Amino acid sequence: MERDLFVAWFEEATRLVRADRDRLTRLDAAIGDADHGTNLDRGLTEVLKELAGSPPESGAQVLTTAGTTLIRRVGGASGPLYGSLFRQMGKALETPVTLAGFAGAFEEGVVAVERLGKAVLGDKTMVDALAPASRALALAVRDGAEVSVALGQAARAAQEGSKATIPLQARKGRASYLGERSVGHEDPGAASAALFMAALASVAG
Amino acid sequence: MVGVVLVSHSAGLAAEAVALARGIAGADAPVAAAGGMVDGGLGTSVDVVEAAVRSVDRGAGVLLIPDLGSSVLTARLLEEDGRIVVADVPFVEGAIAAAVAAGAGAPLAEVLEAAEEARTFRKL
């Protein structure tokens, strides 16, 4: 049951990334190397193939399989970064999955991304969407919110965090070479992170 | 001997940097290239890097020298404390310094130190 939910998350994320592939690539063309949409679409397609080929037994295994596949199959920075997020979440997630357990595992995953990329909030990276989502989830857990409410709040926080990257100057990644010229563009990594959170809210909401 | 792996987005760049480093350090220096994706395209592949690490791992440790971006991230995924270490150094100069030190039989800490010194070499 919970395994199916996590598989559904990746199916929905793949659908959303594919539908938004050209927008992600346009965002990346403005300040990056114009491959984020296609890279992520290709990586997630491999994730779905892997999940269908050797169905994992638990939600945690779905996450580790997805993370490992993204690390192996995506040649750009999003592979190691998203790969670390999901692999660390998979390691930390305990069965049976509760909202509090999920929020804790998500937070550990976000910390793994921050460590690997040495990025902090405000650097104009996927962390700007992931960290607010993690905080929203933790607050929702504290307040005893329903799963659908908590995940909805996390998705909104990620979306707002992504939009908030527009006026920022990039301090990490290829966009940082552009200096002030990176200002005025939404970060593609933050935008795709917001899609992942929207996908989760949509399947578990 | 310590192994050295040059990790680049480009297979050609990694291969030529290895050729240059071995030309200067000596053909016996265990330096391997890990550039590009499995299909040869631009990018970084953890499988390609892992295979390169295995090819130069003689038990004394391996130094990974990435160029930038996802090369750094992929190299860092393979770090093992005290055994597989990522150097934050200029790609070409660091590779040559590391290859020379490794070829001379220096331990991992000294190979890393030699590579890091390359950061401060002035050209003018």
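Draft legend 1. Looking closely at the overall build of chain B. Within chain B, the secondary structure is distributed over five helices and four strands. Against the compact-globule benchmark of 14 Å for 124 residues, chain B has a radius of gyration of 13 Å, which places it among compact chains. In terms of its C-alpha atoms, chain B occupies a principal-axis envelope of roughly 35 × 35 × 25 Å. Taken across its 124 residues, chain B has 48% of its residues classed as buried. The contacts in chain B between residues at least 6 apart in sequence include a share of 68% that link residues at least 24 apart.

Draft legend 2. Expanded view of the pairing of strand S2 (residues 31-35) of chain B. All names here are of chain B. By the criterion of burial, S2 is predominantly enclosed, with four of the five residues buried. Across five bridges, strand S1 (residues 3-8) lies against S2 in parallel orientation. Note on S2: the bridge partner recorded for Ser-8 is Gly-35. Viewed along the sheet, the connection from S1 through helix H1 (residues 11-25) into S2 turns out right-handed.

Draft legend 3. Geometry of the environment of Thr25(A). All names here are of chain A. Relative to the helices and strands, Thr-25 resides in helix H2 (residues 21-31). Taking the relative accessible area as the measure of exposure, Thr-25 reaches 19% and is therefore buried. As a C-alpha pair, Thr-25 and Thr-38 span 13 residues in sequence and 7.1 Å in three-dimensional space. Look past the residues within four positions of Thr-25 in its chain and what remains in contact with it is Ala-34, Gly-37 and Thr-38.

Draft legend 4. Representation of the interface of chain B and chain A within the structure. The interface is formed by eleven residues belonging to chain B together with 16 residues belonging to chain A. Here chain B packs against chain A, burying approximately 1000 Å² in sum over the two surfaces, 61% of which is carbon and sulfur. Taken as a group, Leu73(B), Arg76(B) and Leu77(B) account for 51% of the area that chain B buries against chain A, more than any other trio of residues on that side. In this assembly, chain B and chain A are joined by five residue pairs in polar contact (both at pLDDT 80 or more). Those elements that provide at least two residues to the side of chain B that touches chain A are helix H2 (46-56) and helix H3 (70-77) of chain B. Per element, the largest residue contribution to the side of chain B that touches chain A is five residues, and it comes from H3(B). Per-class residue counts for the side of chain B that touches chain A are five nonpolar, four polar and two charged.

Draft legend 5. Seen up close, the side chain of Thr125(A). Residues and elements named next belong to chain A. In this fold, Thr-125 is placed in the loop between helix H6 (99-117) and helix H7 (127-142). With relative accessibility at 12%, the residue Thr-125 sits in the buried group. Apart from residues lying up to four places away in sequence, Thr-125 is in contact with Ala-119, Lys-172, Asp-187 and Ala-190.

Draft legend 6. View of the sheet that holds strand S4 (residues 84-86) of chain B. Residue and element names in this part refer to chain B. The four strands are arranged S2-S1-S3-S4 in an open sheet whose pairing can be described as parallel. At either margin of the open sheet sits one strand with a lone partner, and together these are S2 and S4. On average, adjacent strands in this sheet sit at an angle of 20° to one another, irrespective of strand direction. In the packing of H2 onto the sheet, the strands contacted are S1, S2, strand S3 (62-66) and S4, and the crossing angle to S2 comes to about 175°. Packing of H3 onto the sheet brings it into contact with S1, S3 and S4, and relative to S3 it is tilted by some 160°.

Calculation criteria
- Sequence positions are assigned chain by chain, starting from 1 and proceeding in written order.
- Both sets of labels track the order of writing: A upward for chains, 1 upward for ligands.
- Predicted model: local features are reported for residues with pLDDT of at least 70 only, side-chain atom pairs are reported and counted for 80 or more only, and whole-chain, interface and lining totals are derived from all residues.
- Computation of side-chain values: all heavy atoms of the structure, hydrogens and water removed.
- A run of H or I in DSSP becomes a helix once it reaches four residues, and a run of E becomes a strand once it reaches two; helices and strands are each numbered from the N terminus.
- Only the C-alpha atoms count toward the radius of gyration. The rule for a globule is 2.2 Å times the residue count to the power 0.38.
- To sort residues, take the accessible area from a 1.4 Å probe on protein chains only and compare it with the maximum for the residue type: under 20% means buried, over 50% means exposed, and anything in between is partly exposed.
- Whether two residues touch is decided by their heavy atoms; if any such pair falls within 4.5 Å, the residues are in contact.
- When DSSP finds two or more bridges between two strands, those strands count as paired.
- With the strands aimed away from the viewer, a crossover counts as right-handed if its path from the first strand over the helix to the second runs clockwise.
- Accessible area that two parts lose when put together, with a 1.4 Å probe and added across both, is what the buried area reports.
- Under this definition, polar contacts are N or O atom pairs within 3.5 Å; protein pairs additionally need one hydrogen-donor-capable and one acceptor-capable atom, and for neighbouring residues in sequence, both atoms have to be side-chain atoms.
- Three categories are distinguished: nonpolar for Ala, Val, Leu, Ile, Met, Phe, Trp, Tyr, Cys and Pro, charged for Asp, Glu, Lys and Arg, and polar for the others, with Gly belonging to the last.
- Axis definition: a line fitted to C-alpha atoms, over the contacting stretch in the case of helices. Angles run 0 to 180 degrees between N-to-C directions.

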